[in-house]
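Observations on the model geometry
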Amino acid sequence: MTKKLFVRSLIAIFVCLFFGFLSGVATQAGIDDWYTALNKPFFTPPNWLFGPVWIVLYILMGISAGIVWSKGFYHIWVQTALYHFGFQLLLNGFWSLLFFGLKEPFLALLNISLLFIAILLTIKWFKIISNTAAYLLIPYAIWVLYAAALNFEIWRLN
């Protein structure tokens, strides 16, 4: 691993974890009172599982973005890939605000649908630059798809 890759990956991991922290703040606003009172589907995981899963996913996302960034931001494909990454990261954070902060599961469902599409586009662009970077985002895409199904069922049941 080169020093450039290591440093850029660390920076990207920090950015992803920072967005995760902000999402956690929005989540805390609604989890104790509103979320616990909702009807939830049988496949809802325990609350303690979300934090560790998201930490791992944010680290994988950061490593992935660091790999792409280390290829040189001057390259138009790298720029395009990282713009997609940034957009999906914003959608990711916005979901927590909509679902937990504003307590709007339907709007959150629309957001997470766009988020999943943005992740797929990010994977496509990352794959052009690095297969490894693209593959590191697959667990994230799977988790968001699962979260979308959970979001849909919570909206439907309530």
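Anything mentioned here points back to the structure above.
The structure presented is a predicted model; accordingly, all values stated were derived computationally and were not measured.

1. As for the overall build of the protein chain
In terms of helices and strands, the protein chain carries six helices and zero strands. Listing each helix as α and each strand as β along the protein chain from the N terminus yields α-α-α-α-α-α. Computed over the C-alpha atoms, the radius of gyration of the protein chain is 16 Å, within 12% of the 15 Å expected from 2.2 N^0.38 for a compact globule of 158 residues. The dimensions of the protein chain, computed from C-alpha atoms along their principal axes, are 50 × 25 × 25 Å. Residues classed as buried in the protein chain amount to 46% of the 158 residues present. When contacts within the protein chain are restricted to residue pairs at least 6 apart in sequence, those whose partners lie at least 24 apart make up 79%. Accessible area for the protein chain stands at about 8,400 Å²; split by element, carbon and sulfur atoms hold 75% of it. Within the protein chain, the 4 negative side-chain charges are centred at a point lying 26 Å from the centre of the 9 positive side-chain charges.

2. Considerations on the side chain of S64
Tracing the sequence through the fold places S64 in helix α2 (residues 47-69). At 2.5 Å, the side chain of S64 forms a polar contact with the backbone oxygen of A133. In contact with S64, not counting residues within four places along its chain, are F126, A133, A134, L136 and L137.

3. Looking at a nonpolar patch on the surface
On the surface, a cluster of nonpolar side chains totalling about 920 Å² of accessible area is made up of F6, V7, L10, I11, F14, V15, F18, F21, L22 and V25. Here F18 falls in the partly exposed class, since its relative accessible area comes to 41%.

4. Describing the side chain of S96
Here S96 lies in helix α3 (residues 76-101). Setting aside chain neighbours within four positions, we find S96 in contact with S23, A26, T27 and G101.

5. Observations concerning the layout of surface pockets
Taken as a whole, the largest pocket spans an internal volume of roughly 580 Å³. Looking at the lining of the largest pocket, the elements with two or more residues in it are α1 (3-37), α2, α3, α4 (105-129) and α6 (138-157). When residues of the lining of the largest pocket are assigned to their parent elements, the largest contribution, nine residues, is made by α1. Looking at side-chain class alone, the lining of the largest pocket contains 18 nonpolar, 10 polar and no charged residues. Taken together, I11, A12, V15, C16, A65, W69, F73, L82, F85, G86 and L89 make up the full set of residues lining the second largest pocket. Of all the secondary-structure elements, those providing two or more residues to the lining of the second largest pocket are α1, α2 and α3. Residue composition of the lining of the second largest pocket, grouped by class: 10 nonpolar, one polar and no charged.

What counts, and at which threshold
- Residues numbered from 1 in each chain as written.
- Predicted model: local features only at pLDDT ≥ 70, side-chain atom pairs only at ≥ 80, totals over all residues.
- Heavy atoms only, no water.
- Helix = DSSP H or I, 4+ residues; strand = E, 2+ residues; numbered from the N terminus.
- Rg over C-alpha atoms; globule rule 2.2 N^0.38 Å.
- Buried < 20%, exposed > 50% of the residue type's maximum accessible area, 1.4 Å probe, protein only.
- Contact = heavy atoms within 4.5 Å.
- Areas by Shrake-Rupley, 256 points an atom, 1.4 Å probe, with all protein chains shown as cover.
- Lys, Arg positive; Asp, Glu negative; His and termini not counted.
- Charge placed at Lys NZ, Arg CZ, Asp CG, Glu CD.
- Polar contact = N/O pair within 3.5 Å; in protein donor to acceptor, adjacent residues only side chain to side chain.
- Patch = residues over 30% accessible without salt bridge, like charges linked within 9 Å, V, L, I, M, F, W, Y side chains within 5 Å.
- Salt bridge = Lys/Arg side-chain N within 4 Å of Asp/Glu carboxyl O.
- 1 Å grid on protein atoms, 1.4 Å probe; cavity = no way out; pocket = protein on both sides within 12 Å on 5 of 7 lines; lining within 4 Å.
- Points joined across faces, edges and corners; volume = space filled by probe spheres on them.
- Nonpolar A, V, L, I, M, F, W, Y, C, P; charged D, E, K, R; others polar.

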